[in-house]
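# Understanding the architecture of this molecule
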Amino acid sequence: MENKILNTVIIGSGPAGYTAAIYCSRAMLNPVLITGADFGGQLATTPEIENWPGRSDSPDGASLMDSLFNHAKKLGTQFVYDTVVSCSLKGEIKTLTLSSGEQLQCKSVIICTGAKAKYLECKNEDLYKGHGVSACATCDGFFFRNKTVAVVGGGSAAFTEALYLSSLCKKVYLIHRRDSFRAEKALVDKLKALTDKNVQFILNAKVDEYTGDGGTLKGIILDVDTNKQKLSLDGVFVAVGHKASTEIFKNDLELENGIIKTGYSYATSTSCSGVFAAGDCADDTYRQAITSAGTGCMAALDAVSYLEKH
Ligand SMILES: Cc1cc2nc3c(=O)[nH]c(=O)nc-3n(C[C@H](O)[C@H](O)[C@H](O)COP(=O)(O)OP(=O)(O)OC[C@H]3O[C@@H](n4cnc5c(N)ncnc54)[C@H](O)[C@@H]3O)c2cc1C
């Protein structure tokens, strides 16, 4: 890439990054987008997206993300297929160092590095991810209507997922490795109230292994008080937390539990002037493709406004 000071560099090729790129391109900022190793972001490996507005044909994640990529490309976004390994964001001119050793200098940065759901890392998990094992009930719960599922976890996210699934599924197990919960008491009480309906708690239990026919999940093997137990299931929702991909920004930006804090001078501005954040890396609550795209748009508009003033 030519050695010049760029207007805007966008980091990440998920829905937030591509949307920011579309808006920055239309604002004639000639943005450069660094894709990162996970081209297309978290959605790229998801077989079916049913909640992207206007796409009632339920596209697979890869083709949906390809359409966003093509849109940004057509409008003039330049792509760099690399990863940012370090950065210096505090001055007027920001420097991003890529894994190739190349350095990009720019006046503004839009961080869209997303997050990764934590999984259990037990036997056969990779085999059944997307084939019965999910980390997002809002995204995938619909596929398990009137079926039997389990939610694994003891925090508020696990209880929220279980409550959501209890209205869709025939039966919901809440599996937790302890007999006490970190979740908000109100959520625990709400879920406990459903135990005479379609919810059952399995406590002091650890998932040992996922079982199935190699293509579809059929159940799990649990370690309950050191005894092995088989449980037949159609789906397992792992709700043991998310980790935002923000490690490289921790020396420059204010983070809260790893999430980039925003809302300083603009809705998406970070603690560093000229640096904006959008999508899951700055959101611990909604974590949806459309909310990421929405904040990607906001970050681009904020960057345009910032650059007009500087
Ligand atoms: C299995 C699964 C299914 C889902 N299904 C749905 C669904 O049906 N509907 C829905 O709305 N949401 C769904 N979600 C949630 C949705 O995928 C996320 O909310 C959304 O992708 C977040 O978008 P993002 O742009 O913030 O980040 P991500 O999609 O996480 O993209 C992050 C990008 O940043 C890049 N990156 C990270 N670090 C660096 C770095 N150092 N340098 C350069 N690039 C970097 C990565 O390579 C990646 O391209 C699902 C999530 C999962 C895990």
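None of the values given here were measured: they were computed from a predicted structure.

Conventions we followed
Residues numbered from 1 in each chain as written. Predicted model: local features only at pLDDT ≥ 70, side-chain atom pairs only at ≥ 80, totals over all residues. Heavy atoms only, no water. Near = heavy atom within 4 Å. Polar contact = N/O pair within 3.5 Å; in protein donor to acceptor, adjacent residues only side chain to side chain. Helix = DSSP H or I, 4+ residues; strand = E, 2+ residues; numbered from the N terminus. Nonpolar A, V, L, I, M, F, W, Y, C, P; charged D, E, K, R; others polar. Salt bridge = Lys/Arg side-chain N within 4 Å of Asp/Glu carboxyl O. Buried < 20%, exposed > 50% of the residue type's maximum accessible area, 1.4 Å probe, protein only. Phe/Tyr/Trp six-rings, centres within 6.5 Å; stacked < 30°, edge-to-face > 60°. Lys NZ or Arg CZ within 6 Å of the ring centre and 35° of its normal. UniProt positions renumbered as here; feature names shortened; annotations may be inferred. Contact = heavy atoms within 4.5 Å.

Turning our eyes to something else, we now look at the site of the ligand. If you check the shell around the ligand, you find 31 residues, and the closest are D38, Q42, N51, D280 and A289. Contact distances for the ligand include 3.4 Å between a nitrogen atom and a backbone N or O atom of G36. C112 places a polar main-chain atom, nitrogen or oxygen, 3.3 Å from an oxygen atom of the ligand. Mapped onto the shell around the ligand, the elements with two or more residues apiece are α1 (15-26) and α7 (289-309). Class assignment of the residues belonging to the shell around the ligand gives a composition of 13 nonpolar, 15 polar and 3 charged.

Turning our eyes to something else, we now look at the pattern of salt bridges. Between side chains of opposite charge, a pair can form when the charged atoms approach closely. For the coordinates displayed, the defined rule picks out 10 salt bridges. Residue D38 pairs with K116 through a salt bridge whose shortest N-O separation is 2.5 Å. Taken together, the positions of D38 in the loop between β2 (32-34) and α2 (61-74) and K116 in strand β7 (residues 115-117) put the pair 78 residues apart, joining distant regions of the chain. For K116, a relative accessible area of 45% translates into the label partly exposed. Two residues, D126 and K129, come together in a salt bridge whose shortest N-O distance is 3.1 Å.

Here we take up the packing of aromatic side chains. Aromatic ring pairs are defined here through the distance separating the ring centres and the angle between the ring planes. Enumeration according to the criterion identifies 12 aromatic pairs in this entry. Between the aromatic rings of Y18 and F79, the centroid separation amounts to 6.3 Å while the plane-to-plane angle is 70 degrees, which identifies the pairing as edge-to-face. Of this pair, Y18 sits in helix α1 while F79 sits in strand β3 (residues 78-80), and the two are 61 residues apart along the sequence. Judged by its relative accessible area of 0%, Y18 falls in the buried class. A residue is classified by how much of its surface remains accessible, and F79, at 14% relative accessible area, is buried. Ring geometry for F79 versus Y81: centroids 6.5 Å apart, planes at 25 degrees, classification stacked. Classification of Y81 by relative accessible area gives exposed; the value is 54%. Clustering of aromatic rings is evident, with ring pairs tying together Y18, F39, F69, F79 and Y81. A cation over an aromatic ring shows up here: K129 above the ring of Y119, its NZ or CZ 4.1 Å from the ring centre. If you follow R145 out to its NZ or CZ, it ends over the ring of F142, 3.8 Å from the centre.

A few words on the UniProt feature "domain: FAD/NAD(P)-binding" (unreviewed entry) in the protein. UniProt annotation of "domain: FAD/NAD(P)-binding" (unreviewed entry) refers to residues 8-295 when read in the numbering used here. Between the end C-alpha atoms of residues 8-295 there is a gap of 16 Å, over a span that is 21% helix and 29% strand.

Relative to the helices and strands, Q200 is located in strand β11 (residues 199-202). The spatial distance from the C-alpha of Q200 to the C-alpha of K261 is 37 Å, given a sequence separation of 61 residues. If sequence neighbours within four positions are ignored, Q200 has contacts with K171, V172, Y173 and L174.

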